[in-house]
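Summary of structural features
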Number of protein chains: 2
Amino acid sequence: MAGPNLLSDGVADAQTLPSWNEGPAKQAIVRFVRDVTTAGSPTFVPPAERIAVFDNDGTLWAEQPIYFQFAFALDRVKAMAPAHSEWKTTAPFNAILSGDTKAFLASGEKGLMPVIAVTHAGMTTDEFAKAAADWLASARHPRFKKPYNELVYQPMLELLEYLRAAGFKTFIVSGGGIEFMRVFAEKTYGIPPEQIVGSTGQLEFRMGADGKPALVKLPQIDLVDDHAGKPVGIQRFIGRRPILAFGNSDGDHEMLQWTAAGTGPRFMAILHHTDADREYAYDRTSHVGKLDKALDEANARGWTVVDMKRDWIRVFPRE
Amino acid sequence: MAGPNLLSDGVADAQTLPSWNEGPAKQAIVRFVRDVTTAGSPTFVPPAERIAVFDNDGTLWAEQPIYFQFAFALDRVKAMAPAHSEWKTTAPFNAILSGDTKAFLASGEKGLMPVIAVTHAGMTTDEFAKAAADWLASARHPRFKKPYNELVYQPMLELLEYLRAAGFKTFIVSGGGIEFMRVFAEKTYGIPPEQIVGSTGQLEFRMGADGKPALVKLPQIDLVDDHAGKPVGIQRFIGRRPILAFGNSDGDHEMLQWTAAGTGPRFMAILHHTDADREYAYDRTSHVGKLDKALDEANARGWTVVDMKRDWIRVFPRE
């Protein structure tokens, strides 16, 4: 396998990570990759152990003003409403249908569960994948007026590719639904379905009267792959500890801690959203993607904090 | 990637699958691999979709006289017994300690659960992996007097390698415990931890007082990856339908049905244990690895049935 294009210590040529400004973040990435790929070096890591994990919402694609999968769920409720006249008087559906997204979001898990149940369950996995793909093809982001899967971060696409060229296996480890992400992740990020770890619901195998089997999505949640659920998801699905972890919120804190606690070279990074002009600026008090304790620990332990405004030449891919 | 070494229709040279006798089973394998790898052919399958799934117990390694993981659990109970004097009078531990394996096995799930709880939970994932590795290094099979992980099938090792050379990604999909298999599968089969699907227990992330995080195995079962649980495990972990499935018992029936129900070329195979001299002969009435309904369906639908006695030149690897 051709190694990445590296010059001397922490210095890459202009073709490496072209959407990243020269600076401490890019230097730290390039130095880490050089360390683990240099044969004979004490920091060398065999390719099989080069496991890199990435959060999705706010790390690989945007997450404001609401998680994109929430936008999908809300649009699904609206599309299904004509067949559910009872929703007009039932919370949280009445709030959603009257456009009061704020009231719905304020209802927390109690409001979210019935919405997940009707929009993400009671159908086969194939039917769900089609609904998600159709939505991605037609829905537009309220601010950028683009399909949601175009609001991915160009510098992160380059990083994924750079790591794979250096023999890494790249995984998503996200609080998002695993079946939702699998619809677009392979084409968008080059990450195949079997390298996606996410929140999972229970599935039921059913043999149809026609002899055709189906897998039906049930409303019961199996794993919430967020916070302490992330190391659990990593162990369950991947079965070994990553050497690189990249997140952007306190939901990634335990994944970063779990990665940091391994032996040998490690790379922990946080994307700090600091760019209200090109994207969004938020951290300690945000309702979406709150970044507080993980930022303190990153600063205290010298993890790489990527400052979007400072470190990225470009945020989204060119049209 | 170098393709497999293929001659004309269904005919391989002598270097291909050398432990397989020339015959319908080997021919069917070689023909299928040629079909899906021939660029431009209507049966061509892109490499990313070449997903092959294998049962483990009785398909990649032996499973008689009892599942090897049961032997591990029983040995663990015996090793832990000095610290548990109460087990002398408590079922099922008293049966195990007095050597009455038959009574323990007859107690079914009711007897198994407390044994799993004490031997597979209440420790960190690292501690469990060490216990399993230590056992594999020291335990010997009662009939063959060899380490259990040497009782793998040479023809299947060749098949795994043959498929990988043809661009397949090989997965284990087993009722066995995922953490148990991960201890030996990479070295033994060339299948990395992240390509192992198995039964899973719940895990808990705990931050130690020393700031070191750990994952603790809990006694609650999360997924029993057997029978209808196998398609569920495939969807949850892999996220796409295999084009090749290989099993040996009714526990693999639904996995074979799920694989068969996809579109495009498919290959479904069952290993029939017919060789009491070199290994074991069992099927419809066996307590371990019962093969009955899946054998009927295989015969009715023309799935490949591998007859161990007829089709395999060698069963286990050379010393």
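Residues numbered from 1 in each chain as written. Chains lettered and ligands numbered in written order. Predicted model: local features only at pLDDT ≥ 70, side-chain atom pairs only at ≥ 80, totals over all residues. Heavy atoms only, no water.

A short note on the sheet that holds strand 2 (residues 123–124) of chain B
Residue and element names in this part refer to chain B. Taken in spatial order, the eight strands line up as 2-5-4-3-1-6-7-8 in an open sheet, and their pairing is mixed. Taken across any chain shown, the strands that pair with only one partner, and hence form the sheet edges, are strand 2 and strand 8 (304–307). With two bridges connecting them, strand 2 and strand 5 (residues 213–223) associate as antiparallel partners. Residue pairing across strands places Met 123 opposite Lys 217, the latter belonging to strand 5. (Pairing = 2+ DSSP bridges. Helix = DSSP H or I, 4+ residues; strand = E, 2+ residues; numbered from the N terminus.)

Topic: the sheet that holds strand 8 (residues 304–307) of chain A
Residue and element names in this part refer to chain A. The eight strands lie next to each other as 2-5-4-3-1-6-7-8, forming an open sheet whose pairing is mixed. At either margin of the open sheet sits one strand with a lone partner, and together these are strand 2 (123–124) and strand 8. For strand 6 (residues 244–247) and strand 7 (residues 267–272), the ladder comprises four bridges, and the chain directions are parallel. Residue pairing across strands places Gly 247 opposite Ile 270, the latter belonging to strand 7.

Quick notes on the relation of the copies chain A and chain B
Both copies of the chain are related by a screw-like operation: a rotation about an axis and a shift along it. With an RMSD of 0.0 Å, the operation that places chain A on chain B is a rotation of 180 degrees combined with a shift of 0.0 Å along the axis. Both copies of the chain, as the preceding transformation shows, are related through a two-fold rotation axis. Ranked by how close their C-alpha atoms come to the rotation axis, the residues of chain A are headed by Phe 237 of chain A, at 3.2 Å. Of the residues that chain A buries at the interface, 100% are likewise interface residues in chain B, meaning the two copies contact each other through the same surface. (Least-squares fit on C-alpha atoms with pLDDT ≥ 70 in both. Contact = heavy atoms within 4.5 Å.)

Some remarks on the environment of Ala 62 of chain A
Relative to the helices and strands, Ala 62 of chain A resides in the loop between strand 1 (51–54) and helix 2 (68–80). If near-sequence neighbours (up to four positions away) are discounted, Ala 62 of chain A is found in contact with Phe 68, Leu 151, Tyr 153 and Glu 279 of chain A.

Quick look at the packing of aromatic side chains
Tallying each qualifying case throughout the model produces 41 aromatic pairs over all chains. Taking 5.8 Å as the distance between ring centres and 85 degrees as the angle between the ring planes, the aromatic pair formed by Phe 72 of chain A and Phe 128 of chain A counts as edge-to-face. Of this pair, Phe 72 of chain A sits in helix 2 while Phe 128 of chain A sits in helix 6 (residues 125–138), and the two are 56 residues apart along the sequence. For Phe 128 of chain A, a relative accessible area of 1% corresponds to the buried category. Geometrically, the ring pair formed by Phe 144 of chain B and Tyr 280 of chain B is edge-to-face, given 6.2 Å between the ring centres and 85 degrees between the ring planes. Of this pair, Phe 144 of chain B sits in the loop between helix 6 (125–138) and helix 7 (154–165) while Tyr 280 of chain B sits in the loop between strand 7 (267–272) and helix 12 (293–301); the two residues are 136 residues apart in sequence, bridging distant segments of the chain. The lysine or arginine in question, Arg 143 of chain A, covers the ring of Tyr 280 of chain A, its NZ or CZ lying 4.9 Å from the ring centre. Seen from the ring of Trp 258 of chain A, Arg 241 of chain A lies directly overhead, with NZ or CZ sitting 3.7 Å from the centre. (Phe/Tyr/Trp six-rings, centres within 6.5 Å; stacked < 30°, edge-to-face > 60°. Buried < 20%, exposed > 50% of the residue type's maximum accessible area, 1.4 Å probe, protein only. Lys NZ or Arg CZ within 6 Å of the ring centre and 35° of its normal.)

Fair warning: the whole summary comes from geometry, so function is off the table for now.
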